[in-house]
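# Tertiary structure, described
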2 protein chains.
Amino acid sequence: MIAHLAILAPGLLGASVARAACARGLAKRITVWARRAEVRAALHGQDWLHNVADTPEEAVAGADLVVLAAPVDKIIELDRQIGPHLSAGAIVTDVGSVKGPICAAAAGHARAANTCFIGSHPMAGSEKTGWEHGTASLFEGRVTFVTPNADTPPPALRTLETFWRALGSSVVSVAPEAHDEIVANISHLPQAVATSLACTLAARDGQWRHLAGNGLRDTTRIAASDAAMWIEIFQHNRTAVLQALARHEEELAAFRRALEQSDWVEIRARLERGKLWRDGFRA
Amino acid sequence: MIAHLAILAPGLLGASVARAACARGLAKRITVWARRAEVRAALHGQDWLHNVADTPEEAVAGADLVVLAAPVDKIIELDRQIGPHLSAGAIVTDVGSVKGPICAAAAGHARAANTCFIGSHPMAGSEKTGWEHGTASLFEGRVTFVTPNADTPPPALRTLETFWRALGSSVVSVAPEAHDEIVANISHLPQAVATSLACTLAARDGQWRHLAGNGLRDTTRIAASDAAMWIEIFQHNRTAVLQALARHEEELAAFRRALEQSDWVEIRARLERGKLWRDGFRA
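Given the structure is predicted, the values throughout are model-derived calculations rather than measurements.

Cut-off values and rules
- Note on numbering: residues in each chain are counted from 1, in written sequence order.
- In the order they appear in the text, chains get letters beginning with A and ligands get numbers beginning with 1.
- pLDDT decides what is reported in this predicted model: residues at 70 or higher carry local features, side-chain atom pairs at 80 or more are listed and counted, and totals for whole chains, interfaces and linings draw on all residues regardless.
- Only DSSP runs of H or I reaching four residues or more are called helices, and only runs of E reaching two or more are called strands; each is numbered from the N terminus.
- Here the globule rule is a power law, 2.2 Å times the number of residues to the power 0.38, and the radius of gyration is based on C-alpha atoms.
- Burial is judged by counting other C-beta atoms within 10 Å of a residue's own C-beta: 20 or more means buried, 12 or fewer means exposed, and anything between counts as partly exposed, with every C-beta placed from the backbone.
- Residues are scored as being in contact if the C-beta atoms we place from backbone atoms lie within 7 Å.
- Two strands form a pair only when DSSP identifies at least two bridges running between them.
- Here the axes come from fitting lines to C-alpha atoms, over the contacting stretch only for helices, and the angles between their N-to-C directions go from 0 to 180 degrees.
- Ten residue types, Ala, Val, Leu, Ile, Met, Phe, Trp, Tyr, Cys and Pro, are classed as nonpolar, four, Asp, Glu, Lys and Arg, as charged, and the remainder, Gly among them, as polar.
- C-alpha atoms of residues with pLDDT of at least 70 in both copies form the basis for the least-squares superposition of the copies.
- The start and end points of each domain follow an automatic or database-based domain assignment.

### Brief notes about the overall build of chain A
Each helix and strand counted, chain A has 11 helices and 9 strands in total. What you see for chain A is a C-alpha radius of gyration of 21 Å, in line with the 19 Å of a compact globule of 283 residues. Buried residues in chain A amount to 52% of all 283 residues. Taking the intrachain contacts of chain A between residues at least 6 apart in sequence as the baseline, contacts between residues at least 24 apart amount to 75%.

### Here we look at the sheet that holds strand β9 (residues 170-173) of chain B
Pairing between the strands of a sheet comes from backbone hydrogen bonds, and it takes one of two forms, parallel or antiparallel. Residues and elements named next belong to chain B. Reading across the sheet, the 3 strands line up as β7-β8-β9 and stay open at both edges, with mixed pairing between neighbours. The sheet is open, and its two edges are formed by β7 (119-122) and β9, each paired on a single side. Ignoring strand direction, the axes of neighbouring strands in this sheet form an average angle of 20°. As judged from the 4 bridges shared by β7 and strand β8 (residues 143-147), these two strands associate in the antiparallel manner. Following the sheet pairing, Ser 120 is matched in β8 by Val 146.

### Some thoughts on the interface of chain B and chain A
Counting residues at the interface gives 76 residues for chain B and 76 residues for chain A. Elements supplying a minimum of two residues to the side of chain B that touches chain A: α7 (176-202), α8 (214-219), α9 (227-236), α10 (238-260) and α11 (264-279) of chain B. Considering every element that reaches the side of chain B that touches chain A, the biggest residue donor is α7(B), with 17 residues. Its residues placed into classes, the side of chain B that touches chain A shows 38 nonpolar, 18 polar and 20 charged.

### Overview of the relation of the copies chain B and chain A
In screw terms, the move from chain B to chain A is a rotation of 180° and a rise of 0.0 Å along the axis, fitting with an RMSD of 0.0 Å. Both copies of the chain, as the preceding transformation shows, are related through a two-fold rotation axis. Within chain B, B:Thr219 has its C-alpha nearest the rotation axis, a separation of 2.0 Å. Here 100% of the interface residues in chain B have copies in chain A that are interface residues too; the copies meet face to matching face.

### As for the domain arrangement of chain A
Residues and elements named next belong to chain A. Partitioning chain A into domains gives domain 1 (2-174) and domain 2 (178-279). Here the C-alpha centroids of domain 1 and domain 2 sit 31 Å apart. Listed per partner, the contact involves 14 residues of domain 1 and 12 residues of domain 2. When contributions to the side of domain 1 that touches domain 2 are tallied by element, the ones reaching two or more residues are α4 (72-82), α5 (100-107) and β8 (143-147). A breakdown of the residues in the side of domain 1 that touches domain 2 according to their chemical character gives 6 nonpolar, 5 polar and 3 charged.

### Quick notes on the sheet that holds strand β6 (residues 116-117) of chain A
Residue and element names in this part refer to chain A. Strand order across the open sheet formed by 6 strands is β3-β2-β1-β4-β5-β6, with parallel pairing between neighbours. A strand with exactly one partner marks an edge of an open sheet, and here the two such strands are β3 (51-52) and β6. On the sheet, α4 packs against β1 (2-8), β4 (65-68), β5 (91-94) and β6 and is oriented at approximately 150° with respect to β4.

### A word on the environment of A:Val95
Looking at the secondary structure, you find A:Val95 in the loop between β5 and α5. Its 25 C-beta neighbours within 10 Å are what place A:Val95 among the buried residues.

### So, the environment of A:Ala59
Residue and element names in this part refer to chain A. Its location among the elements puts Ala 59 in helix α3 (residues 56-60). Sequence spacing of Ala 59 and Ala 34 is 25 residues, and the spatial spacing of their C-alpha atoms is 9.7 Å. Dropping the residues within four chain positions of it, Ala 59 is found in contact with Ala 6, Leu 8, Thr 31, Trp 33 and Ala 53.

Structure follows, in structure tokens:
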């Protein structure tokens with residue numbers, strides 16, 4: 001149970017954290033701050049929060065858990081801004097898709113005594129963005145990464161892990177750099193692949209998509225994701241994504257070469273390896 | 001209304017044609033033949049057909065529409081086998097994923113007078129295979145390609161188009177070669193991409209998939225498809241798939257080069273081009 005939860009710059013994820021915490025009775029008090037005055041005005045009417053703050057500093061006053069729900073660049077700026085204004089015992093976390101640069105920057109920020117930053121990344125989302133699309137069930141059955149470093153106080157880590165579990169997700173704790181390599185492969189590479197497949201088809205006859213079955217629909221679904229969000233992710237996880245992309249290009253070239261050579265033993269091996277891996281997904 | 005519908009070698013698609021035709025009252029009589037005696041025995045108990053034939057020749061006797069639902073190789077063999085045994089006025093079609101080689105072979109087969117072969121390809125399916133998984137609703141809202149050639153009698157083409165529409169699908173009529181180029185892009189390329197993405201991830205830590213969100217799940221869903229079916233498709237549509245793969249490799253390499261060069265204008269243009277294309281899918 002959190003006495004006072006503060007959520008800064010809620011988008012889809014931040015609003016979902018607030019809604020889920022409210023629906024599950026996890027926080028006695030929920031304060032939200034948004035950058036734009038018109039969003040703050042709209043938030044005033046919502047029944048899943050108790051208070052709308054006018055500034056980040058006001059929002060974090062007295063909070064024991066602060067969630068920075070802004071885009072990656074802004075998370076670093078916000079953490080620097082609120083650091084000296086935190087109340088003793090406060091834990092600051094975020095929901096950004098990349099953890100290395102954020103956790104490294106946070107480690108260098110001035111911060112009130114007995115407070116800390118621990119990165120979080122809930123593997124939940126939608127092609128939809130914006131706080132209006134937040135739902136209380138967004139984290140149910142999903143994985144949330146929590147990324148402590150060597151200096152993270154174990155009790156703070158346990159509190160943060162307990163919070164994400166209480167929102168319905170399972171929690172995996174890994175170092176920020178390990179997180180970034182994993183998501184480069186399981187999230188950022190699929191985005192680059194789906195976008196590139198969509199671009200391949202867009203360059204031919206754009207109406208062909210209307211003839212497709214569900215295969216193309218599913219394979220390219222995430223190509224519809226928000227471009228601005230993804231540019232930030234690729235900027236901040238560039239090196240790990242490049243490594244994953246290089247490996248994928250090798251796999252695709254090997255498939256193409258086998259097809260060129262009519263090497264059906266190799267094509268079968270690749271189809272079966274992919275199937276075995278995909279069949280291993282939890283239902 | 002078909003007086004006598006014969007379905008040879010039903011798998012998922014053939015059984016779905018029979019079930020849909022039965023459910024919608026489109027055929028007075030439905031006869032099915034399966035290669036294996038144990039399948040024929042199991043089919044005897046099904047309530048969506050009227051008769052189980054012991055041979056292909058027996059199955060097509062008196063039929064006015066014959067659907068060859070076998071894998072691509074076997075379609076050609078079956079069409080050759082039944083050609084001389086068809087009743088006058090019979091239309092033969094198939095449900096194979098590649099049309100050029102099948103339609104070319106069929107054009108050379110001996111055939112009873114006043115009968116013809118016209119290729120079909122319903123863009124419907126499932127990772128599941130086998131006649132047991134057939135459903136009466138499989139074609140609803142889907143596209144079915146019908147691939148006449150220059151010699152196809154217009155009334156036969158109209159009858160076949162009407163049949164597929166009556167099963168619930170919309171119909172697109174194109175030449176066999178145009179069909180093969182389109183499906184190389186909208187179906188066979190996505191399969192090669194999903195398989196190669198699955199292989200990329202399988203080569204790293206196979207347990208990472210359990211940490212992924214829905215993006216990876218959707219992007220790789222069709223990697224779980226039946227390997228034997230896909231080898232046949234790649235064999236029969238090799239040239240068109242190679243062309244589509246080469247174009248996709250260029251798109252992926254261009255994305256990777258832009259990322260290497262931190263060319264965010266180019267990355268944004270690619271993300272937005274993919275999103276625009278994907279947003280254009282019908283809901």
